[in-house]
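# Coordinate analysis (summary)
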Amino acid sequence: MINKYCSSLNDAVADVFDGATLMVGGFGEAGSPIELIHALIDQGAKNLTVVSNNTGSGNVGLAALIANGQVSKMICSFPRTANSTVFPRKYSEGKIELELVPQGTLAERIRAGGAGIPAIYSPAGVGTILAEGKETREFGGRTYLLETAIKADFTLIKARIADRYGNLQYNKTARNFGPIMATAANKTIAQAAQFSKVKCLDPEAIVTPGIFVERVVEVFDPLVESDLVSAGATYP
Amino acid sequence: MINKYCSSLNDAVADVFDGATLMVGGFGEAGSPIELIHALIDQGAKNLTVVSNNTGSGNVGLAALIANGQVSKMICSFPRTANSTVFPRKYSEGKIELELVPQGTLAERIRAGGAGIPAIYSPAGVGTILAEGKETREFGGRTYLLETAIKADFTLIKARIADRYGNLQYNKTARNFGPIMATAANKTIAQAAQFSKVKCLDPEAIVTPGIFVERVVEVFDPLVESDLVSAGATYP
Amino acid sequence: MTGVDSEKLGWSRDEMARNAALDIPSGAYVNLGIGIPELIADHIPDDREVIFHTENGLLGMGPSPAPHLSDPELINAGKKRTSAVDGAAYFHHADSFAMIRGGHIDVCVLGAMQVAENGDLANWSTGPDDPMPAVGGAMDLVAGAKSIWIVTRHRTKRGEPKLLSDCTLPVTGLGIVERIYTDLATIEVTKSGFELKELAPNTSLERVQELTGARLLNRCADDEGQIRAQSVSDRTSPWQPE
Amino acid sequence: MTGVDSEKLGWSRDEMARNAALDIPSGAYVNLGIGIPELIADHIPDDREVIFHTENGLLGMGPSPAPHLSDPELINAGKKRTSAVDGAAYFHHADSFAMIRGGHIDVCVLGAMQVAENGDLANWSTGPDDPMPAVGGAMDLVAGAKSIWIVTRHRTKRGEPKLLSDCTLPVTGLGIVERIYTDLATIEVTKSGFELKELAPNTSLERVQELTGARLLNRCADDEGQIRAQSVSDRTSPWQPE
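Each chain has its residues counted from 1, running along the sequence as written. Written order decides the labels, with chains lettered from A and ligands numbered from 1. At least 70 in pLDDT is required for a residue's local features to be given in this predicted model, at least 80 for side-chain atom pairs to be given and counted, and no such filter applies to totals for whole chains, interfaces and linings, which use all residues. Neither water nor hydrogens contribute to the side-chain values; these are computed over all heavy atoms in the structure.

Each helix is a run of H or I in the DSSP string that is no shorter than four residues. Each strand is a run of E no shorter than two, and both are numbered from the N terminus. Tallying secondary structure elements over chain C gives five helices and 13 strands in all. Across the 242 residues of chain C, 61% fall into the buried class. Residue contacts are defined here by distance: any two heavy atoms, one from each residue, within 4.5 Å place the two residues in contact. Restricting the contact set of chain C to residue pairs at least 6 apart, pairs at least 24 apart contribute 63%. Summed over all atoms, the accessible surface of chain C reaches about 9,800 Å², with 48% contributed by carbon and sulfur. The rule is simple: take the accessible area with a 1.4 Å probe, protein chains only, and divide by the maximum for that residue type; under 20% is buried, over 50% is exposed, in between is partly exposed. Per-residue accessibility takes into account occlusion by the displayed protein chains alone, with areas from the Shrake-Rupley method and a 1.4 Å probe.

Helix and strand content of chain A: seven helices and 12 strands. Using C-alpha atoms as the atom set, the radius of gyration is obtained and then compared with a globule rule of 2.2 Å times the number of residues to the power 0.38. Computed over the C-alpha atoms, the radius of gyration of chain A is 18 Å, within 12% of the 18 Å expected from 2.2 N^0.38 for a compact globule of 236 residues. Relative to its full complement of 236 residues, chain A shows a buried share of 64%. In chain A, of all internal contacts separated by at least 6 residues, the share reaching a separation of at least 24 is 75%. When the accessible surface of chain A is totalled, it reaches about 8,000 Å², and 47% of it is carbon and sulfur.

As a further point, take the interface of chain C and chain A. On the side of chain A, 46 residues touch chain C, which itself brings 37 residues to the contact. The junction of chain C with chain A conceals about 3,300 Å² of combined surface from both sides, 65% of it contributed by carbon and sulfur atoms. Considering only the side of chain C, the residues that lose the most area to chain A are Glu-73, His-93 and Met-132 of chain C, jointly responsible for 21% of the buried surface there. One speaks of a salt bridge when a side-chain nitrogen belonging to Lys or Arg is within 4 Å of a carboxyl oxygen belonging to Asp or Glu. The tally of links between chain C and chain A comes to four salt bridges. Residues Asp-71 of chain C and Lys-172 of chain A are paired through a salt bridge, measuring 3.1 Å at the closest nitrogen-oxygen approach. As a working definition, buried area equals the accessible area (1.4 Å probe) given up by two parts on being put together, with both sides summed.

Moving on: the interface of chain D and chain B. Listed by partner, the interface residues are 37 residues for chain D and 46 residues for chain B. Buried area between chain D and chain B, summed over both chains or domains, comes out near 3,300 Å², and the portion from carbon and sulfur atoms is 65%. Ranking the residues of chain D by area buried against chain B places Glu-73, His-93 and Met-132 of chain D at the top, with a combined share of 22%. At the boundary of chain D with chain B, the tally comes to four salt bridges. As a salt-bridge pair, Arg-101 of chain D and Glu-108 of chain B come within 3.8 Å of each other at their nearest N and O atoms. Counting of polar contacts relies on pairs of N or O atoms within 3.5 Å, with two restrictions inside protein: one atom must be capable of donating a hydrogen and the other of accepting it, and residues adjacent in sequence are counted only when both atoms are side-chain atoms. Linking chain D with chain B are 20 residue pairs in polar contact (both at pLDDT 80 or more), by the criterion used here. Taken together, the elements giving at least two residues each to the side of chain D that touches chain B come down to helix H3 (93-101) and helix H4 (138-144) of chain D. Top contributing element to the side of chain D that touches chain B by residue count: H3 of chain D, with four residues.

This part covers unusual backbone geometry. All names here are of chain A. Here the residue pair Tyr-235 and Pro-236 is connected by a cis peptide bond, since its omega of 0° sits within 30 degrees of zero. Following the sequence through the fold, Pro-236 ends up in the segment after helix H7 (225-230). In this structure, Asn-83 is a non-glycine residue whose phi angle is positive, near 65°. Considering the arrangement of structural elements, one finds Asn-83 in the loop between strand S4 (71-76) and helix H4 (86-92). Classification of Asn-83 by relative accessible area gives exposed; the value is 51%.

Here we take up the sheet that holds strand S4 (residues 83-90) of chain D. Strand order in the open sheet formed by 10 strands is S4-S3-S2-S1-S5-S8-S10-S11-S12-S13 (chain D), with mixed pairing between adjacent strands. Pairing within the sheet leaves two strands with one partner each, and these edge strands are S4 and strand S13 (216-217) of chain D. Pairs of strands are assigned from DSSP output, requiring at least two bridges between the strands.

Strand pairing in a sheet relies on backbone hydrogen bonds. The paired strands run either parallel or antiparallel. Residue and element names in this part refer to chain C. The strand order across the open sheet built from three strands is S7-S6-S9, with neighbouring strands paired in mixed fashion. A single partner strand is all that each edge strand has here, and the edge strands are strand S7 (121-122) and strand S9 (163-164). Here strand S6 (residues 114-116) pairs with S7 via two bridges, running antiparallel. Bridge pairing in S7 links Val-115 to Leu-121.

Bringing the packing of aromatic side chains into the picture now. The relative placement of two aromatic rings is captured by the distance of their centres and the angle of their planes. For Phe, Tyr and Trp, where Trp contributes only its six-membered ring, two rings pair if their centres lie within 6.5 Å, and the inter-plane angle classes them as stacked under 30 degrees, edge-to-face over 60, or tilted in between. All told, the structure shown has 13 aromatic pairs over all chains when counted by the stated rule. For the pair Tyr-5 of chain A and Phe-195 of chain A, a centre-to-centre distance of 3.7 Å together with 5° between the ring planes defines the contact as stacked. A residue pair is termed long-range when its members are at least 10 positions apart, and Tyr-5 of chain A in strand S1 (residues 5-6) and Phe-195 of chain A in strand S11 (residues 185-195) qualify at 190 residues. Judged by its relative accessible area of 25%, Phe-195 of chain A is partly exposed. Ring centres of Phe-87 of chain B and Tyr-91 of chain B lie 5.8 Å apart, and the angle between their planes is 20°; on these two criteria the pair is classed as stacked. Of this pair, Phe-87 of chain B and Tyr-91 of chain B both sit in helix H4 (residues 86-92), separated by four residues, roughly a single helical turn. For Tyr-91 of chain B, a relative accessible area of 27% translates into the label partly exposed. Counting as a charge over the ring demands two things of the Lys NZ or Arg CZ atom: a distance within 6 Å of the ring centre and an angle within 35 degrees of the ring normal. Lying over the aromatic face of Tyr-165 of chain B, Arg-164 of chain B brings its terminal NZ or CZ to 4.5 Å of the ring centre. The ring of Trp-149 of chain C has Arg-179 of chain C sitting right over it, with the charged end atom 5.3 Å from the ring centre.

All names here are of chain C. Looking at the element boundaries, Ser-64 is found in the loop between strand S3 (58-62) and strand S4 (83-90). Note on Ser-64: relative accessible area 65%, which makes it exposed. Note: C-alpha distance between Ser-64 and Asn-76 (12 residues apart in sequence) is 9.6 Å.

What follows covers the pairing of S4 of chain A. Sheet faces and side chains relate simply in a regular strand, where the side chains alternate between the two faces. Residue and element names in this part refer to chain A. Among the six residues that make up S4, five are buried, leaving the element largely enclosed by the rest of the structure. Strand direction decides the pairing type here: strand S3 (residues 48-51) and S4, joined by four bridges, are parallel. Paired with Val-51 across the two strands is Ile-75, which belongs to S4. Orient the strands so they point away from the viewer, and a crossover whose first-strand-to-second-strand path over the helix runs clockwise is right-handed. Tracing the backbone out of S3, into helix H3 (residues 61-67) and back to the parallel element S4 gives a crossover that is right-handed.

What follows deals with the pattern of salt bridges. All names here are of chain D. Considering all chains together, one arrives at 46 salt bridges over all chains under this definition. Between Arg-179 and Asp-23 there is a salt bridge, with the nearest N and O atoms lying 2.8 Å from each other. Placement of Arg-179 in strand S10 (residues 177-181) and of Asp-23 in the loop between helix H2 (13-22) and strand S1 (29-32) is noted, with a sequence separation of 156 residues between them. Across the pair Asp-106 and Lys-146 runs a salt bridge whose closest N-O atoms are separated by 3.1 Å. Of this pair, Asp-106 sits in the loop between H3 and strand S5 (107-110) while Lys-146 sits in the loop between H4 and strand S8 (147-151), placing them 40 residues apart in sequence.

The next subject is the confidence of the model for chain C. Residues and elements named next belong to chain C. Known as pLDDT, the predictor's per-residue confidence is scaled from 0 to 100. For chain C, the mean per-residue pLDDT works out to 90, and 87% of the residues sit at or above 70. Here residues 1-7 is modelled with pLDDT under 50, and outside its nearest four sequence neighbours on either side it reaches nine contacts, counting other chains as well. Predicted complex metrics record ipTM = 0.95 and pTM = 0.95.

Attention now moves to the packing of helix H5 (residues 103-115) of chain A against helix H3 (residues 93-101) of chain C. Direction vectors running N to C along H5 of chain A and H3 of chain C enclose 125°, while the axes themselves pass 9 Å from each other. Overall, the two elements H5 of chain A and H3 of chain C adopt an arrangement that is oblique. When the axes of H5 of chain A and H3 of chain C are compared, the crossing they make is left-handed. Contacts between H5 of chain A and H3 of chain C involve Gln-103, Gly-104, Thr-105, Ala-107, Glu-108 and Arg-111 of chain A from the first element and His-93, Ala-94, Phe-97 and Arg-101 of chain C from the second. Class assignment for the residues of the contact of H5 of chain A with H3 of chain C results in three nonpolar, four polar and three charged. Between the N-to-C directions of two axes lies an angle of 0 to 180 degrees, each axis being a line fitted to C-alpha atoms and, for a helix, fitted only over the stretch in contact. With respect to orientation, any angle under 35 degrees is reported as roughly parallel, any angle over 145 as roughly antiparallel, any angle of 65 to 115 as roughly perpendicular, and every other angle as oblique. Left-handed describes a crossing in which the near helix is turned anticlockwise from the far one by less than a right angle; the clockwise case is right-handed. Amino acids outside the nonpolar list (Ala, Val, Leu, Ile, Met, Phe, Trp, Tyr, Cys, Pro) and the charged list (Asp, Glu, Lys, Arg) are all regarded as polar, and Gly is one of them.

Here we come to the environment of Ile-34 of chain D. Residue and element names in this part refer to chain D. Note on placement: Ile-34 falls in the loop between S1 and strand S2 (51-54). On the accessibility criterion, Ile-34 (54% relative accessible area) is exposed. The spacing of Ile-34 and Ala-77 is 43 residues in sequence and 7.4 Å in space, taken between C-alpha atoms.

Residues and elements named next belong to chain B. With 13 residues, helix H5 (residues 103-115) should cover 18 Å at 1.5 Å per step; its first-to-last C-alpha distance of 18 Å lies within 8% of that length. Buried residues dominate H5, accounting for 13 of its 13 residues. Backbone geometry just after H5 places Gly-116 at a positive phi near 70°. Take the number of residues in a helix, subtract one, and multiply by 1.5 Å to get its expected span.

Right, let's talk about the environment of Gly-94 of chain B for a bit. Of note, Gly-94 of chain B is situated in the loop between H4 and strand S5 (97-100). Considered as a pair, Gly-94 of chain B and Glu-147 of chain B are 53 residues apart in the sequence and their alpha carbons are 26 Å apart.

A few words on the side chain of Gln-169 of chain A. Structurally, Gln-169 of chain A can be placed in strand S10 (residues 168-169). A residue is classified by how much of its surface remains accessible, and Gln-169 of chain A, at 11% relative accessible area, is buried.

Before going further, it helps to spend a moment on helix H2 (residues 34-43) of chain A. Across the 10 residues that make up H2 of chain A, a large majority, eight, are buried. Count one or two residues on from H2 of chain A and you reach Gly-44 of chain A, which has phi positive near 95°.

See the structure below:
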């Protein structure tokens, strides 16, 4: 019987290796798999390239992973947000690399990675400094940039509900990058607030089919990043 | 108040013009908007380029539109199926043009059209006669074909349920090309078996957000193409 | 006249937002940037229905929620808690930016650091010395939405003009701004440059020209060379979605 | 020995399907082509759970439904009515082919007109004289699935070999076939060519070689040069998903 349930957060991230490319879901705190990230801090993998829209806030979650020296490069669209100090400090000290990508281009490159499309053309960023060094091409009289797919070794995401096949549903705008990152990694690891019997999920309303998911771990009452930041929490 | 409901099939397709490019949803009979197609036969627009996975069966629906001489070119992946005789006959007589596209490439080109991506690279068809004349490029040591986006003036699709905003849900495998064709046309026209109050559709389970839909017309008890074909029905 | 004094002359933040809101027709799909543009939602006339898109994956964004109803997983593009109206839909980021890039958003209203008379926009980076560059969805929005409008103060906090003959900061997109709603004027970006559509009360063409870094065209001038004071109530929806 | 007689020697359609089914490990995501490959679903051992994908937009395809439960809007890639198992998911065509092209389908089993010893496959067109070319998803499947297996009769209805040194018909894809399950033999396509894995009962290497249009490598031969008759019960799942 197929059963992708994983009994512990530690087991779920055990095989993340030094130097891996890791996608981390979330737009700000919404959809950020904070418990999986904390498990990865415990696990200790280093020299990670992390693909995530932001860089975390306060001293928990993704910001804590960066603070812990485990991330050598970030690929993201918006590395500074309210209460994000860890990445900006490391970046100004030259201790972490940044590839800045327009948000929609980031999403499309990730989708392409999951869809077996090695490259696409996008109009976003044409004529800007983010287009420097990129190949351009005209279609129908308009200029576009060649943008290559992004793939990862692992994806960590947060879902609302999962079944043993790894089928996932999300919560509101916490969906954001989860469904596309799930498709673009060799191994996708999801935390879900609820496990569901297989027959309870409507096949018309499954957002991520289980084919894209290797492991699911239950986190019944996930931490709220903004509450932790307000309280001045630090991990570990 | 936004209200995309259209009171008649005839009104729904009234502005389809001669020479238009028209996407028609459906994989075989599943999802084929047969009533909208019949309304288009009544309307009479000619010289259409039709993008649809198949070419219809029997003498109803898409096959009847072709039989009626309204289609000058088909862009599709599988023009012959059980009971499809109209298109193969016209094609053998040189009376209709065919652009044959692998099914996944067809889907991806339509999605690209809706997503503002002018072209993508695909591995499908490399080294085959369908790649002849297409530009190739290597990424990571593998060869891919440059495939350009497909857009349309109009899309006709079939949904299960719709609300006044044009939000759509589909039925089972009748979903197929509907959601992507809805994004790729200047005007998307949907028939739906049921109209729903706005608050009744779960925002987590809407498949086509209303932004992609211009008109919705109710067809409470849609015709079943295979039943019509078995009965030897002809339209008009 | 100091910068502080001159600011009192013009429209308030809410009035700037109102000016833009009144130009949005019923039925439009609209994306609002962070800052003053966010205020536009509060100024849509009651007889118009407008649908707000937020690029982090929601069509049908509603007003700010009461604190006890707020959900950290229901946020807007500025990462503030928001709500969803009846008829809303959630989707993932690639679908959300497909909506943007594919030309399905009718109007996107953004803030600006600089706008050039050819429609170039700079609103994402303070230049090579920017300690922490961050772009978000701005470049995708300006490349994809059907119309890009700007709501911004006419000048920077240091009193420098934001409306220029050329942008000096790194651009977000080229030739994409259609309209500008400032505290002092409403301006259309035409092939000929900045064309004045409306002046704020208690100011003058000459004064606004002084505070602008490019020539203001005045096609609204009447025979006496005076600005034709266009009252807000006259304005309906000059802009129509396709 | 006529063609008709020789067919009686080999495996039946169901046995060919069984041979392929036994090589599919539990947990695999599998796409089955039209024809004999469709029969594979009936031969998956009870102790294995395999999930079937149909490219028209369903993961978790079940068996053929009872007539009174059939739905014209729940069909498989061959446009026959089908069913969905608990845990199934529906999706649109771009998502379905993203699943295929993105390398998420573990095994795709197709029929063939011709297979070359370098793994080229021809299964979509009878050539320039084809009255009505139709490709469907075959080219996408062979370009995208992790493993391509073929289930086919060893020869055409006219008795011509389907396993050849080179395909003479228009190809579907180049160098993509990994295994071939015919009525006479099970063959692995290696860098060196067709490698015999198993012979059908009551046939011989010599006879099968005669009916094959390329050299058959026999790495299973024992010291006496005889095929080591591998019994079906010995076979578990040599193939493992990544």
